[in-house]
Amino acid sequence: MRAFYALLLCLFALVAHAKHVVHNWDVTYVTTNRDLNQTPKRGIGVNGKLPLPVVEAVLGDTLVLNVRNSLDTSTSLHSHGLFQRGTNYYDGVAMTTDCSIAPGTNFTYYIKLEQAGTYWIHGHTHEHNFDGLRTPLIIHDPKDPNPVEKEFLFAAEDWWPITFQESLAIIMQQHGPGYPYTNPPYTLINGFNGSLVEPLHFEPGKTYKVRLVSMMSLPLWEFVIDDHELMIVEVDGVATKPKAVSVVRLAPGQRVAVLVTAKPNRSMNYQYHMTTFADYLPPIQGVYPQQINSTVIYAADAPVFVPHAIPSEPFDELSIEALEFMPTMAVDRSLFFNATYGFTSNDVPYETFNLVAYESPKVPSMFSALTTGEMSLNSITYGPATNAQVLRHGEVVEMVYWSATRVPHPQHLHGHAFQVIEKGRTDDATGEFRRRVPEKGFSPMMRDTVMVYGGEYVIVRFKADNPGAWVMHCHFDWHLGQGLNMLFISAPQLMQETLKVPRSVVDQCTRQGIKVSGNVVGHNSFNIDGAPKPPGLIINRFY
Ligand SMILES: *[C@@H]1O[C@H](CO)[C@@H](O)[C@H](O)[C@H]1NC(C)=O
Ligand SMILES: *[C@@H]1O[C@H](CO)[C@@H](O)[C@H](O)[C@H]1NC(C)=O
Ligand SMILES: *[C@@H]1O[C@H](CO)[C@@H](O)[C@H](O)[C@H]1NC(C)=O
Ligand SMILES: *[C@@H]1O[C@H](CO)[C@@H](O)[C@H](O)[C@H]1NC(C)=O
Ligand SMILES: *[C@@H]1O[C@H](CO)[C@@H](O)[C@H](O)[C@H]1NC(C)=O
Ligand SMILES: [Cu+2]
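Within an unreviewed UniProt entry, the label attached to the chain reads Ferroxidase fet3, and the organism entered is Coemansia pectinata. According to the UniProt record, the Sequence similarities (unreviewed entry) comment for the chain is "Belongs to the multicopper oxidase family."

**Student:** Sorry if this is basic, but what is going on with the sheet that holds strand 33 (residues 485-490) here?
**Tutor:** Adjacent strands of a sheet form backbone hydrogen bonds with each other and so pair up, either parallel or antiparallel. The strand order 24-33-32-26-30 describes an open sheet built from five strands, whose pairing is mixed. At either margin of the open sheet sits one strand with a lone partner, and together these are strand 24 (389-391) and strand 30 (449-452). The sheet shows a mean angle of 20° between the axes of neighbouring strands, direction not considered. Pairing of strand 24 with strand 33 involves three bridges; the strand directions are parallel. Bridge pairing in strand 33 links Gln 389 to Phe 488.

**Student:** Explain unusual backbone geometry to me, please; I cannot follow it from the model alone.
**Tutor:** Generally, phi is negative for residues other than glycine and the peptide bonds are trans, each holding for most cases. Leu 50 connects to Pro 51 through a cis peptide bond whose omega is 0°. Residue position: Pro 51 is located in the loop between strand 3 (41-46) and strand 4 (55-58). That bond from Tyr 288 to Pro 289 is cis: its omega, 0°, falls within 30 degrees of zero. Assignment of secondary structure puts Pro 289 in the loop between strand 20 (270-277) and strand 21 (290-297).

**Student:** Help me out: how do you make sense of the UniProt feature "domain: Plastocyanin-like" (unreviewed entry) in the chain in this one?
**Tutor:** As recorded in UniProt, the sites labelled "domain: Plastocyanin-like" (unreviewed entry) are residues 31-143, 152-275 and 360-492. Between the first and last C-alpha atoms of residues 31-143 the distance is 42 Å; the span itself is 0% helix and 40% strand. Across residues 360-492, helical content stands at 10% and strand content at 40%; the span's end C-alpha atoms are separated by 19 Å.

**Student:** Whenever I open this one, the site of ligand 1 confuses me. Can you help?
**Tutor:** Taken together, the neighbourhood of ligand 1 is formed by Leu 36, Asn 37, Tyr 186, Asn 193, Ser 195 and Leu 196. Residue Asn 37 places a main-chain N or O atom 2.7 Å away from an oxygen atom belonging to ligand 1. The contact in question runs from an oxygen atom of ligand 1 to an N or O atom on the side chain of Asn 193, over 2.3 Å. Coverage of ligand 1 by the protein chains reaches 60% of its 360 Å² of free accessible surface. Of the residues contributing to the shell around ligand 1, the split by class is three nonpolar, three polar and no charged.

**Student:** Looking at this structure, how should I read the side chain of Asp 158?
**Tutor:** With respect to the helices and strands, the residue Asp 158 is situated in strand 10 (residues 150-159). At 3.1 Å, the side chain of Asp 158 forms a polar contact with the backbone nitrogen of Leu 218. Beyond its immediate stretch of four places on either side in the chain, Asp 158 contacts Arg 134, Pro 185, Tyr 186, Met 215, Met 216, Ser 217, Leu 218, Pro 219 and Tyr 288.

**Student:** Honestly, the confidence of the model for the chain in this entry has me stumped. Any pointers?
**Tutor:** Where the model shows low pLDDT, its predicted coordinates should not be examined in detail. When pLDDT is averaged along the chain, the result is 95, and 97% of the positions lie at 70 or above. Predicted confidence is poor over residues 8-14, with pLDDT under 50, and the contacts of this stretch with residues over four places away or in other chains come to 11 contacts.

**Student:** Can you walk me through the site of ligand 3 in this structure?
**Tutor:** Near ligand 3 you find Lys 263, Pro 264, Asn 265 and Ser 267, and these make up its full shell. Note that an oxygen atom of ligand 3 is positioned 2.4 Å from one of the side-chain N or O atoms of Asn 265. Considering only residue class, the shell around ligand 3 consists of one nonpolar, two polar and one charged.

**Student:** Help me understand the coordination of the copper ion (ligand 6) in this model?
**Tutor:** Ideal values differ by geometry: the angle at a metal is 109.5 degrees with four tetrahedral donors, but 90 or 180 degrees with six octahedral donors. The coordination sphere of the copper ion (ligand 6), as far as protein atoms go, consists of His 409 (ND1), Cys 474 (SG) and His 479 (ND1), spread over 2.0 to 2.1 Å. The exposure class assigned to His 409 is buried, which follows from its relative accessible area of 1%.

**Student:** Where do I start with helix 6 (residues 503-511) in this structure?
**Tutor:** What sets the pattern is the α-helix's 3.6 residues per turn: residues three or four places apart point alike. Among the residues of helix 6, those classed as buried are Val 505, Val 506, Gln 508 and Cys 509. Down the axis of helix 6, the sector holding all buried residues measures 150°, keeping them to one side. Counted as exposed and oriented over 90 degrees from the buried face of helix 6: Arg 503 and Thr 510. In this structure, the buried side of helix 6 is in contact with strand 7 (106-112) and helix 3 (365-371). Where helix 6 terminates, the next one or two residues include Gly 513, which has phi positive at roughly 70°.

**Student:** Looking at this model, I keep getting lost on the state of the cysteines. Mind explaining?
**Tutor:** Each disulfide consists of one covalent bond between the sulfur atoms belonging to two cysteines. Per the stated rule, a full pass over the model turns up one disulfide. Between Cys 99 and Cys 509 runs a disulfide, and the two sulfur atoms are separated by 2.0 Å. Taking the torsion about the S-S bond as the criterion, the Cys 99 to Cys 509 disulfide, at about 95°, is right-handed. A residue pair is termed long-range when its members are at least 10 positions apart, and Cys 99 in the loop between strand 6 (77-80) and strand 7 and Cys 509 in helix 6 qualify at 410 residues. Neither residue differs from the other here; Cys 99 and Cys 509 are each classed as buried.

Thresholds, definitions, all that
- Residues numbered from 1 in each chain as written.
- Chains lettered and ligands numbered in written order.
- Predicted model: local features only at pLDDT ≥ 70, side-chain atom pairs only at ≥ 80, totals over all residues.
- Heavy atoms only, no water.
- UniProt positions renumbered as here; feature names shortened; annotations may be inferred.
- Pairing = 2+ DSSP bridges.
- Helix = DSSP H or I, 4+ residues; strand = E, 2+ residues; numbered from the N terminus.
- Axes fitted to C-alpha atoms, helices over the stretch in contact; angles between N-to-C directions.
- Near = heavy atom within 4 Å.
- Polar contact = N/O pair within 3.5 Å; in protein donor to acceptor, adjacent residues only side chain to side chain.
- Areas by Shrake-Rupley, 256 points an atom, 1.4 Å probe, with all protein chains shown as cover.
- Nonpolar A, V, L, I, M, F, W, Y, C, P; charged D, E, K, R; others polar.
- Contact = heavy atoms within 4.5 Å.
- pLDDT = per-residue confidence, 0-100.
- Donors = N, O, S within 2.8 Å, 3.2 Å for Na, K, Ca; no water.
- Buried < 20%, exposed > 50% of the residue type's maximum accessible area, 1.4 Å probe, protein only.
- Arc of directions from axis to C-beta.
- Disulfide = S-S within 2.5 Å.

Structure follows, in structure tokens:
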């Protein structure tokens, strides 16, 4: 199925009780050009194939993901947007929540599906995401407040003809960043050449749900149906009050579900458009920007509506409210994150929070939190290169994401969704560009990934109500690879009391010679000699 993926809603609606949804995934190399006019590369798929199957389930089900790692390197799977309450060790972040899956071994994730909505599953070790290990995860709600007869899914990803490691080497070369553009990417929709998307068939008067998933590594994309309102009802899995827009923009990692009500008659057909762009980088002819069009068909012979223009605009979080009322949370702790590049003395570029580029600890941080008693409350336990912040249970954390450079960053928080509170420009001396949600009677929208444009800042707030080790990072795969990552340790003493780590998680560590107790280097003390250190960085140029 090339064009779109009509979700199996009816089938699932019949199943009343919670069940196990089992997927058996043998993670393998797949050398392919994805049927594009490109040179094939060694990608990463499952059971010898790309794209991966879409995962669908019903709220209350348990996803049982039986994974075999047939690669020659470790891998792991992260269910992006799921809070993993009580199951921190299934979050799939190597050296934060687990030791990843060793080559040639099996591992099973048992994930209770307690949130309805639109999510995705992707590789979170060695940025395997970039090489194809990614697929939508749709969790249907039998009591959906906006039931529809039919859903459509558009999952967008970018496919590069070189591997993540090859492209990162180009970006992180000495003497400043290179652009891996001699090998341009192409946009895939639902796993295939996006230019081949097929028409949608609409029946007059009916309402459809369209789920949009950005599994992109680099560009933004926008979705428009000419002369049709898109009613936003869900953002990153969180239900919103319905909000009508004409265009939806998604940054890497984001998801949006909209309702579309069809026209009352069959007198016209319409086009829908998907535009990918990365206007923060030099344009690539025919690639960014790229417009993909197809048709919404009401009648075989009807004329096609001609729009004046195709709208384009940033996603306006500050005007959208969460469906379940929760006013702006009062802040207990405010943290400042200056997302900025830094260069080594050899002029190798890193991306950092506050000039600290993330380096993995030698003991997964979750295990450090679980095994160091009261020392778990001190951030140095997790090492000097993790940007660790230890949070008290239930406190409300405000994050000021700041990007004064011209580089944007889609910031993703694991284990939580945050309220989006304020946006503005970093060079705004008068407050002229400051925009904030209303103080009273407003229920700020919540999401798990927010785009911070170059020269701008965004303020978000979340409640630390999910004990565990959770990363917060940029969802441009390269920026994550370059160090733009940090760690929250939420309520470590509660973790020690409540978290029971399965044997299978510990076995993966033992097998790979990784310690599962002690601080960043495995000591039961404050001695962190030998801990990975962030590279010494300076700001010697602007980009
Ligand atoms: C995608 O399909 C279109 C339409 O057939 C074709 O023109 C284009 O070359 C394809 N793109 C790539 C990169 O193969
Ligand atoms: C590991 O997974 C593979 C593929 O799913 C399966 O054939 C094999 O039996 C599993 N091995 C073990 C030890 O469970
Ligand atoms: C069809 O619906 C449109 C509104 O979308 C309306 O303007 C038009 O008059 C209708 N045409 C017929 C033939 O009913
Ligand atoms: C897509 O549609 C728009 C508006 O109808 C048009 O301007 C543009 O050329 C189309 N793009 C392609 C690639 O067909
Ligand atoms: C943030 O980092 C930039 C370098 O990119 C630096 O010039 C600036 O002073 C920092 N801003 C703050 C408020 O710390
Ligand atoms: Cu970034």
